[in-house]
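One-letter residues, chain by chain:
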Amino acid sequence: MAGQTKPSAIDDILAEHAGLEQQLSDPSLHDDPAAARRVGKRFAELAPVMATHAKLSAAREDLEAARELAADDSSFAAEIPDLEAKVAELDKALTDLLAPRDPHDGDDVVLEVKSGEGGEESALFAGDLARMYTRYAEHVGWRVEILGATYSDLGGYKDVTLSIKSRTATRDGVWSRLKFEGGVHRVQRVPVTESQGRVHTSAAGVFIYPEPDEVEEVQIDESDLRIDVYRSSGKGGQGVNTTDSAVRITHLPTGIVVTCQNERSQLQNKARAMQVLAARLQAAAEEAAEAEASAGRASQVRTVDRSERIRTYNFPENRITDHRIGFKAHNLDAVLDGEMGALLEALGTADREARLTAE
């Protein structure tokens, strides 16, 4: 039969699932909230595998029964082709679920958008991108939190940092959908500051990192940090806090800078900024290791330069083009309003095909 799954692979998953189930039933696990979250998350990630395996087992039993009955009564033979097709379909689905995956696919993310070439127009475009990701997250039921932002004079973003989280632990989390967004995004349109009606090109950079469940998972030496506090501000310089509660953390060995101004207290902002720093340090370490093995993730931004674009947003033609996979669609307005499903699915499909080809 085509596409037979490897018994050892599913046996390992069945054993792991049983072990996780046993851990979750142990009251002592919940004395350690971080450990309970990790076990619960992995248990949820295995749920689709377990469900598909159960369906496949049932379909195989039905097929075997139909064959036995058909041996005595030919009228049962008519059921066999449909059952064989169902078994083949479920077997392929299970094989796909057991294929090697990105270990961060179930993770939440930290996403940063930074304006680049183009001045105010670039900052306005950075605002459009931040809104696009926020609207998409709302469409699929994720939570979005602005951790920090620097506004431009016209209300765009010089830079903005978003935390995007799934409301439930799933096998395919936020990272699995948005991990291909890192890179330079180019826009072609008539800027609001253009009096002659000419189309200009500018760019903004997107950086995205899987967010670790706990800061403790990434080793950070406090002596490597410079921590500054300042007063939070909103659009137009309006104060949103009357105390110096915003926090900026600089990781001196790497030069990574993170800010958080969204929480109510300086202590909360520092804790949240540490989570973002941990995410960025983890991503940097993994990218360095992967680059050494010549198998890095989809490249992100080296410089926010139009020549390094991954995608172009052409307003006059209402067209969006992803240059990595040749994806084109003439629904730019809808995509910027959060309807990113077709684009993200195309990127995911291309990545899965590339992984299979590389095996």
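Preceding block: the structure.
Bear in mind that the values here come from a model prediction, so they are computed numbers and not experimental data.

Draft legend 1. Here's a closer look at the sheet that holds strand β1 (residues 108–115). Overall, mixed pairing links the eight strands, which are arranged β2-β3-β1-β5-β4-β9-β10-β11 in an open sheet. Looking at strand neighbours, the two that pair on one side only are β2 (143–151) and β11 (327–329), the edges of this open sheet. Put simply, the sheet's adjacent strands are angled 15 degrees from each other on average, direction ignored. Relative to strand β10 (residues 319–322), strand β9 (residues 309–314) is paired through four bridges, and the arrangement is antiparallel. If you follow Tyr313 over to β10, its bridge partner there is Ile320.

Draft legend 2. The pairing of strand β4 (residues 183–189), seen in detail. In terms of burial, β4 is largely enclosed, as seven of its seven residues are buried. When β4 meets strand β5 (residues 200–211), the two strands line up antiparallel, connected through seven bridges. What sits directly across from Arg186, in β5, is Ala203. When β4 meets β9, the two strands line up parallel, connected through five bridges. Paired with Arg186 across the strands is Thr312, a residue of β9.

Draft legend 3. Representation of unusual backbone geometry within the structure. With a phi close to 50 degrees, Asn318 is a non-glycine residue in the positive phi region. Structurally, the position occupied by Asn318 is in the loop between β9 and β10. The class for Asn318 is partly exposed, based on a relative accessible area of 23%.

Conventions used here
Residues numbered from 1 in each chain as written. Predicted model: local features only at pLDDT ≥ 70, side-chain atom pairs only at ≥ 80, totals over all residues. Heavy atoms only, no water. Pairing = 2+ DSSP bridges. Helix = DSSP H or I, 4+ residues; strand = E, 2+ residues; numbered from the N terminus. Axes fitted to C-alpha atoms, helices over the stretch in contact; angles between N-to-C directions. Buried < 20%, exposed > 50% of the residue type's maximum accessible area, 1.4 Å probe, protein only.

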